Amino acid sequence: MRRVAALLLALPVAAAIAGGAAWVKVPGGSFRTALKYEDGKGVPAKIASFAMQKRPVTNAEFLAFVQANPQWRRDRVATVFADARYLSHWAAPNTLRKDAQAAQPVVNVSWFAANAYCEARGARLPTWREWEYVAAADETRRDARKDPAWRERILGWYARPASGPLPRAGLQVPNAYGVQDMHGLVWEWTEDFSSLLVSGDNRVQGDADKQKYCGAGALSMDDRENYAVLMRVAMLSSLDARDTTSSLGFRCAKDIP
């Protein structure tokens, strides 16, 4: 019986090693970001076609990565790459808790760790513009941002208390691109999160006043009514690459040749 139980526990990890989250091809297009860049001048950007994972990376998938790359265990990771909360919801460095189910999105993971996971899969983290491009879609439209009902729906997701266990990844209806869980499950790292709001000068000067980053966000919004975007950008901009939170996960992306 013990051998059977051990095999059952190993199944989610084996599945993660075998495939992991499915990939969705996202067709390129013209997209006007909600952020106002000095060099953008309000001109829509060209987004090249790319692939994105259909849902966020799960605990089981990240556990498989940690087992194959033990330098990313929470008891071995260098402190420069992850803070003290890194994978703190797991029962042990290589064991999940019952309430951290295998199919739940992994959280308490730093940008460094998320980036390493994606690189190990021959991929990368999505850029902010790629993430925003896909997140603008609802179930039928590639860009639903002008719809007040869609905006209210997203804000309603974010307004829910973050209490209780996370739902498993992949439960939401896919959006127009075929991607799931872009809203209402976890926040997600992007490749260029640190360049969204904060100027290079502020970073170099070591300015620890994180609140001014949120203020800068209000000035950097091309569409100031899109508060859901502002919330995501302000949250990411307040973090360092080694930081972790219980509501922040990730998914990978990759270029299409």
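Since the structure is predicted, the reported quantities are computational estimates derived from the model, not experimental observations.

Trainee: How do you make sense of the overall build of the protein when you look at a structure like this?
Mentor: What the protein contains, in helices and strands, is 8 helices and 7 strands. Looking at the 257 residues of the protein, the share that counts as buried comes to 46%. Of the contacts formed within the protein by residues at least 6 apart in sequence, a portion of 76% connects residues at least 24 apart. Within the structure as shown, the protein displays about 13,000 Å² of accessible surface, and the carbon and sulfur contribution to it stands at 55%.

Trainee: Would you mind going over the nonpolar core with me for this structure?
Mentor: Within soluble globular proteins, side chains that are nonpolar tend to cluster in buried spots. By size, the foremost hydrophobic cluster in this structure holds 53 residues, and its most contacted members are Phe62, Tyr86, Val134, Trp189 and Phe250. At the level of elements, strand 1 (23-26), strand 4 (50-53), helix 2 (59-68), helix 3 (111-120), helix 4 (128-135) and helix 8 (227-237) are the ones that each hand at least two residues to this core. Of all the elements, helix 3 adds the most residues to this core, at 6 residues. Dropping the residues within four chain positions of it, Phe250 is found in contact with Pro56, Val57, Phe62, Val106, Val109, Ala114, Tyr117, Cys118, Leu125, Glu188 and Trp189. Listed in part, the 6 residues of the second largest apolar core include Ala144, Trp150, Ile154 and Tyr158.

Trainee: Looking at this model, I keep getting lost on the pairing of strand 4. Mind explaining?
Mentor: On a regular strand, one side chain projects to one face of the sheet and the next to the other, so that they alternate. Of the two faces of strand 4, the one holding Phe50 and Met52 and the one holding Ala51 and Gln53 are both buried throughout. Here 3 bridges tie strand 4 to strand 7 (residues 253-255), and the two strands are oriented antiparallel to one another. Counted as the bridge partner of Met52 is Ala253 from strand 7.

Trainee: Before we go on, may I ask you to explain the pattern of salt bridges in this structure?
Mentor: Considering all chains together, one arrives at 11 salt bridges under this definition. Salt-bridge contacts for Arg124 lead to Glu130; the nearest nitrogen and oxygen are separated by 2.9 Å. Its relative accessible area of 13% is what places Arg124 among the buried residues. Members of the salt-bridge network, linked through shared partners, are Arg124, Glu130 and Asp255.

Trainee: Would you take a moment to explain unusual backbone geometry for this structure?
Mentor: Most peptide bonds are trans, and most residues other than glycine sit at a negative phi. Even without a glycine there, the phi angle at Leu87 is positive, about 55°. Following the sequence through the fold, Leu87 ends up in the loop between helix 2 and helix 3. Despite not being glycine, Asp181 has its phi angle at roughly 65°, a positive value. Assignment of secondary structure puts Asp181 in the loop between helix 5 (148-159) and strand 5 (187-188).

Trainee: Any chance you could explain the sheet that holds strand 4 here in plain terms?
Mentor: Sheet strands pair by backbone hydrogen bonding; their relative direction is either parallel or antiparallel. The strand order 1-4-7 describes an open sheet built from 3 strands, whose pairing is antiparallel. At either end of the open sheet lies a strand with only one pairing partner, and these are strand 1 and strand 7. Neighbour to neighbour, the strand axes of the sheet diverge by 25° on average, direction disregarded. Its contacts with the sheet put helix 4 on strand 1, strand 4 and strand 7, and the angle it makes with strand 4 is roughly 70°.

Trainee: Would you explain helix 3 in this entry?
Mentor: Owing to its 3.6 residues per turn, the α-helix aligns residues three or four sequence positions apart on the same side. In terms of burial, helix 3 is a largely internal element, 7 of the 10 residues being buried. Along helix 3, the positions that sit buried rather than exposed are Trp111, Ala113, Ala114, Asn115, Ala116, Tyr117 and Cys118. Turning to helix 3, the residues buried within the fold contact helix 2. Directly after helix 3, the chain includes Gly122, whose backbone phi takes a positive value near 70°.

Trainee: When you look at the side chain of Asp181 in this model, what are you seeing that I'm missing?
Mentor: With no salt bridge to any partner, buried Asp181 finds its closest opposite charge in Arg251, at an N-O distance of 5.5 Å. If we ignore the near neighbours within four places in the chain, the residues touching Asp181 are Arg55, Pro56, Ala169, Gly170, Leu171, Gln172, Glu188 and Arg251.

Trainee: What is the right way to read the environment of Lys54 from this model?
Mentor: Locating Lys54 in the fold gives a position in the loop between strand 4 and helix 2. Taking the C-alpha atoms as reference, Lys54 lies 5.5 Å from Ala22; in sequence the two are 32 residues apart. Ignoring anything within four residues of it in the chain, the contact list for Lys54 reads Ala22, Val24, Pro174, Gly178, Val179, Gln180 and Arg251.

Cut-offs used in this document
- Residues numbered from 1 in each chain as written.
- Predicted model: local features only at pLDDT ≥ 70, side-chain atom pairs only at ≥ 80, totals over all residues.
- Heavy atoms only, no water.
- Helix = DSSP H or I, 4+ residues; strand = E, 2+ residues; numbered from the N terminus.
- Buried < 20%, exposed > 50% of the residue type's maximum accessible area, 1.4 Å probe, protein only.
- Contact = heavy atoms within 4.5 Å.
- Areas by Shrake-Rupley, 256 points an atom, 1.4 Å probe, with all protein chains shown as cover.
- Core = buried A, V, L, I, M, F, W, Y, C linked by side-chain atoms within 4.5 Å.
- Pairing = 2+ DSSP bridges.
- Salt bridge = Lys/Arg side-chain N within 4 Å of Asp/Glu carboxyl O.
- Axes fitted to C-alpha atoms, helices over the stretch in contact; angles between N-to-C directions.
- Lys, Arg positive; Asp, Glu negative; His and termini not counted.

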